Amino acid sequence: METLKFEGVRVEIGKNTILQDIDFSLEQGNIVALIGHNGAGKSTIMKTIMGWQEKKQGNISINGINQDDSFLTYKKQIAYIPEEPFLLSELTAMQHFQLYGQSYGLSEQQLNQRVEHLTRLFEIEDKLNEYPESLSKGMRQKVQTICALLPDVALMLIDEPFMGLDVHAAADLQQLIIDKAKNGTSILLTSHQLDRVGEFADSYIMLHKGVITEKGIMKDFAELTRRSTE
Ligand SMILES: Nc1ncnc2c1ncn2[C@@H]1O[C@H](COP(=O)(O)OP(=O)(O)OP(=O)(O)O)[C@@H](O)[C@H]1O
C-alpha cells in the first residue's frame, strides 16, 4: 500500500526552479533515502511535504488525504525531524514532549511511558526541566528527535538523522527508525552518510539539481558504491 504520493511537484523560489516536476511514492513501512549533493533539493522535498515550502504545481497526498484539501488531517500523519533543531525558547524539554503528545492525541500514560523510555535511551532523562538555551546542540537535537518519535504516524521525515548525535545516540536512533518502519511507519530520510543508510534503507532516490536522476533498491546502490571505491 502506498503511504506517500508525490506527483508532478514543481517548486520555484524567486526565479529559480528548485524542484522540477518530481514524482515518487513511498510504500507503507518502507525506509527510503533521498541522496544527492548539497543543494540538490532534498530538504526542499521535506519542507514541501510539511507545507513549509509552497509548491507551484503538483499533488502531495498521504494515505489518500491531499495536502491541499484537508491540511490539518494530512499534517497529523507526519512527524518531522528537521536538519537544525527547531525548539521553542519558552518551553522546557518536557513541555515540548507534552505539546507533541497532545497534538498527536497520545494519552497521558502513553506519553509518560514513551518519554521515560526515550529520554533514558538518549541519556537526557535529567534534562526534562531545562530550556533549550541551556542544552547543548546535540541535546537539543535529541529533544527534537524524541518529539518526532513519540507519536505513531504514517510518515516520518528525517533530515540528516545522525548529524550532531554521538555514536551511541546515532545507533539507538537507527534502531528506532527500523522499529518504526516495522510497525508500519514509512520513513523518508536524507543523508550524506551513505555507508550508514546503506545498512538499513530499503531503497534510494537520487536527486540532482531538482531532478530525480535514479531510483532503486538500496542494496544495488550500496553494491555500486562499494565496487566504485575498490
Ligand atoms: N529560502 C530559499 N531561498 C532561495 N533559495 C533557496 C532557499 N531554500 C533553498 N534554496 C535553494 O534550493 C536549492 C535546494 O536546496 P535544499 O536545501 O533543498 O538542498 P539539499 O539537497 O537539502 O542540500 P544539503 O545537502 O546541502 O542540505 C539550493 O540551490 C538552494 O540554494
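Throughout this description, residue numbers start from 1 for each chain and increase along the sequence as written. It should be noted that, the model being predicted, local features are given only for residues of pLDDT at least 70 and side-chain atom pairs only at 80 or more, the latter also being counted only at that level, while totals for whole chains, interfaces and linings use all residues. No hydrogens and no water enter the side-chain calculation; it runs on all heavy atoms of the structure.

- An unreviewed UniProt entry lists the chain under the name ABC transporter ATP-binding protein, with Gracilibacillus oryzae as the source organism.

### Considerations on the overall build of the chain
Argument step 1. In this description a helix means any DSSP run of H or I spanning at least four residues, a strand means any run of E spanning at least two, and both kinds are numbered starting from the N terminus. In terms of helices and strands, the chain carries eight helices and 10 strands.
Argument step 2. Values of the radius of gyration come from C-alpha atoms, whereas the globule rule sets the reference at 2.2 Å times the count of residues to the power 0.38. The globule rule puts the C-alpha radius of gyration for 230 residues at 17 Å, and the 18 Å found for the chain is close to it.
Argument step 3. Overall, the C-alpha framework of the chain stretches about 50 × 45 × 35 Å when taken along its three principal axes.
Argument step 4. The classification of residues rests on relative accessible area computed with a 1.4 Å probe and restricted to protein chains. Under 20% of the type maximum is buried, over 50% is exposed, and intermediate values are partly exposed. Sorting the 230 residues of the chain into buried and exposed places 47% on the buried side.
Argument step 5. Residues count as neighbours in contact if any of their non-hydrogen atoms are within 4.5 Å of one another. Nonlocal contacts in the chain, meaning residues at least 24 apart in sequence, comprise 69% of its contacts between residues at least 6 apart.
Argument step 6. Surface exposure of the chain reaches about 11,800 Å², of which carbon and sulfur atoms provide 47%. Throughout, the Shrake-Rupley method with a 1.4 Å probe supplies accessible areas, and for residues the shown protein chains are the sole cover considered.

### Let's talk about the site of the ligand
Argument step 1. The full set of residues close to the ligand is I13, I18, H37, N38, G39, A40, G41, K42, S43, T44, E83 and H192.
Argument step 2. Pairs of N or O atoms are called polar contacts if they sit within 3.5 Å, as long as, within protein, a hydrogen donor faces a hydrogen acceptor (for residues adjacent in sequence, only side-chain-to-side-chain pairs). Within the backbone of G39, an N or O atom sits 2.8 Å from an oxygen atom of the ligand.
Argument step 3. At 2.5 Å from an oxygen atom of the ligand is found a side-chain nitrogen or oxygen belonging to T44.
Argument step 4. Here the ligand, which alone exposes 640 Å², has 59% of that area covered by the protein. Any residue with a non-hydrogen atom lying within 4 Å of a molecule or strand is treated as near it.

### Here we look at the pattern of salt bridges
Side chains that differ in charge, positive against negative, can pair when their charged atoms come close.
Argument step 1. Throughout this description, the term salt bridge denotes a Lys or Arg side-chain nitrogen within 4 Å of a carboxyl oxygen of Asp or Glu. On inspection of all chains with the given rule, the structure shows eight salt bridges.
Argument step 2. Across the pair R10 and D21 runs a salt bridge, and its minimum N-O distance is 3.1 Å. One end of the pair, R10, is in strand β1 (residues 2-13); the other, D21, is in strand β2 (residues 16-27), and 11 residues separate them in sequence.
Argument step 3. With a closest N to O distance of 2.9 Å, K55 and D68 form a salt bridge. Of this pair, K55 sits in the loop between α1 (42-50) and β4 (57-62) while D68 sits in the loop between β5 (65-66) and α2 (71-75); the two residues are 13 residues apart in sequence, bridging distant segments of the chain.
Argument step 4. A relative accessible area of 15% means that K55 is categorised as buried.
Argument step 5. The structure contains a network of salt bridges with shared partners spanning R10, E12 and D21.

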